[in-house]
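Descriptive structure summary
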Amino acid sequence: MPVISAPHAFNEGNLFVELKSIIGYPLYLKCEGFNFAGSVKLKAANEMVESAEREGILTPDSTLVESSSGNLGVALSMIAASKGYRFLCVTDSRCNLSTRLLMEALGSQVHIVADLDANGGFLGTRIEYVRSLCESDDRYVWLSQYTNAGNWRAHFRTTAPEIANNFPQLDVLFVGAGTTGTLMGCARYFRQWPRPVRIVAVDSVGSVAFGGEPGRRMIPGLGMSMRPPLLDESYVDEVVRVEEADTIRACHRLARRGFLFGGSTGTVVSGATDWLARNDAHGLTAVAIAPDLGERYLDTVYQTNWLQDLYGDQILDSAQVGAAGSPTADSAPTSEHSATPQ
Ligand SMILES: Cc1ncc(COP(=O)(O)O)c(C=O)c1O
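Treat the numbers as computed from the prediction; the structure is a model and nothing was measured.

So, how was this worked out
- Along every chain, residues carry numbers that run from 1 in the direction the sequence is written.
- Thresholds applied to this predicted model are a pLDDT of at least 70 for local features of residues and 80 or more for the giving and counting of side-chain atom pairs; totals over whole chains, interfaces and linings are not thresholded and use all residues.
- The helix count covers DSSP runs of H or I at least four residues long, the strand count covers runs of E at least two residues long, and both are numbered beginning at the N terminus.
- For a compact globule the rule gives 2.2 Å times the number of residues to the power 0.38, and the radius of gyration it is set against comes from C-alpha atoms.
- Using C-beta atoms placed from the backbone, we call a residue buried if 20 or more other C-beta atoms fall within 10 Å of its own, exposed if 12 or fewer do, and partly exposed for counts in between.
- A pair of residues counts as a contact when their C-beta atoms, built from backbone coordinates, are separated by no more than 7 Å.
- A pair of strands counts as paired when DSSP detects no fewer than two bridges linking them.
- Crossovers are described as right-handed under a simple rule: with the strands pointing away from the observer, the path leading from the first strand over the helix to the second runs clockwise.
- UniProt positions are given in the numbering used here, feature names are shortened, and annotations may be inferred rather than shown by experiment.
- For each residue, a C-beta position is placed from the backbone atoms; the residue is near a molecule or strand when that point lies within 6 Å of it.
- Gly counts as polar in this scheme, as do all residues outside two lists: the nonpolar Ala, Val, Leu, Ile, Met, Phe, Trp, Tyr, Cys and Pro, and the charged Asp, Glu, Lys and Arg.
- Here the limits of each domain have been adopted from an automatic or database domain assignment.

What to know about the overall build of the protein
Counting its secondary structure elements, the protein contains 11 helices and 11 strands. Radius of gyration (C-alpha) of the protein: 19 Å, near the 20 Å computed for a compact globule of 342 residues. In terms of overall dimensions, the protein has C-alpha extents of about 60 × 50 × 40 Å along its principal axes. Across the 342 residues of the protein, 50% fall into the buried class. In the protein, the share of contacts with a sequence separation of at least 24, taken over all contacts with a separation of at least 6, comes to 72%.

Laid out in C-alpha cells, this is it:
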C-alpha cells in the first residue's frame, strides 16, 4: 500500500497498455500520466528541483520561473506548492485552459505570451520573457528544461530502467520529442544496454527539432520551434514525423476503445504504427511512451468545433471512421498513417 505525504512521492512506472487489438501491431504503451501532476514531466521537474536544491541555487526566498507548454508547469506548480516555493510559469496561447487553471489552483502565477517567434512558434518569445525576468531580479531561478541535464537524467534513472525491467527483450522504442529529455535519457540508457535497441524519435510535422520546415502546430507538448539543445542525434536511429491530422485520428481511435490519452500520445502511436507497418514488425518487442492522459485535451483534441475550425469537417469523419471501424489485430492500418521517415 503506497502511503505518501508529498504529492511528487507517487508515480506509477510499471503500467503498459497492449495496443495490438487497436492498432493491428504489437506495441506496448508505457503510461506516464498516473501521478498527481498527470504527466511524464513530473520526473524532469523532480530531478531538476532536487539538483538545484543540492547545488544551493534554490533557496526559500527563490521564485522558480520556467517556460512550459503546460505539463512541466503543472509538475513544478505541484512541487513548488509542496515545498513552499513561489512559481511563475511562462506559457503561450496554445496552453490548454485546464492546464492553466490547474497551475493557478496550485497557487502558481501564469504569464501567457501571444507574439509568435521567427519560426512561427512561441518558444523564442517565452524564453525571451523568462530571460528578462531573471535579469530584473536575482531571486528568480530558471531551471531551463531545454538545457538542464537533469531533464534527460530523470529518464535515464527512471523511465528507461522501468522499460528495461519489464521488457528485457526490447527491440524498438518510440519516444516523442519535445525538449528531448525523455528521448535522450532513454537513448543514453539503452546505448549501454547489452542488447541493441532501436531508438525511434517521433516528431510532429511543422516542428524544426530535427530540421525541416517550420509550420503550424496546435497540439502542445511535442515538437519544437528551435533545435533542442539537449538533442544529440548520434543516439537516435530514426525520426518519424506525424501530421497533426494523424495525431487526432490516433487519439480518437484509442478513445473509442476506452483509452483517453493526450495529444502527443496520438502522435507517438501514429508514428509507431506507421514504422511497424513499414518494417514488418510482427515479431518485434516494441514499446512507446505515452506522456499524459486525455482530460486536459477535452476542449481541443476531443472537441468538435476546435477540430472543425483547424482541420476542416473531414477530420471528424475520418476520426470517427478510424475509431469505429478501426483496424483490428488481423488487419494492418493503411494509408491513414502518413508519417514520413527522415
Ligand atoms: C504531453 C507531452 N508530450 C511530450 C512531451 C515531450 O517530452 P520531452 O520534453 O521530454 O521531450 C511533453 C513535454 O512537455 C509533453 O508535455
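Some details on the pairing of strand E5 (residues 109-113)
Summarising the sheet, strand E4 (residues 86-92) and E5 pair through five bridges and their orientation is parallel. Paired with Asp-92 across the bridge in E5 is Val-113. Crossover connection from E4 via helix H4 (residues 97-105) to parallel E5: handedness right-handed.

Digging into the UniProt feature "domain: Tryptophan synthase beta chain-like PALP" (unreviewed entry) in the protein
Under the present numbering, the feature "domain: Tryptophan synthase beta chain-like PALP" (unreviewed entry) in UniProt falls on residues 20-291. As annotated, residues 20-291 comprises 41% helix and 17% strand, and the C-alpha atoms at either end are separated by 19 Å.

Observations concerning the site of the ligand
Near the ligand lie 19 residues; those nearest to it are Asn-71, Gly-178, Gly-221, Ser-264 and Pro-291. Residue assignment for the shell around the ligand shows that the elements contributing at least two residues are helix H3 (71-83) and helix H7 (181-191). Per-element accounting of the shell around the ligand gives the leading share, three residues, to H7. Taken together, the residues of the shell around the ligand break down into five nonpolar, 12 polar and two charged. Both domains that furnish three or more residues to the shell around the ligand are identified here as domain 1 (7-34 + 158-311) and domain 2 (40-142).

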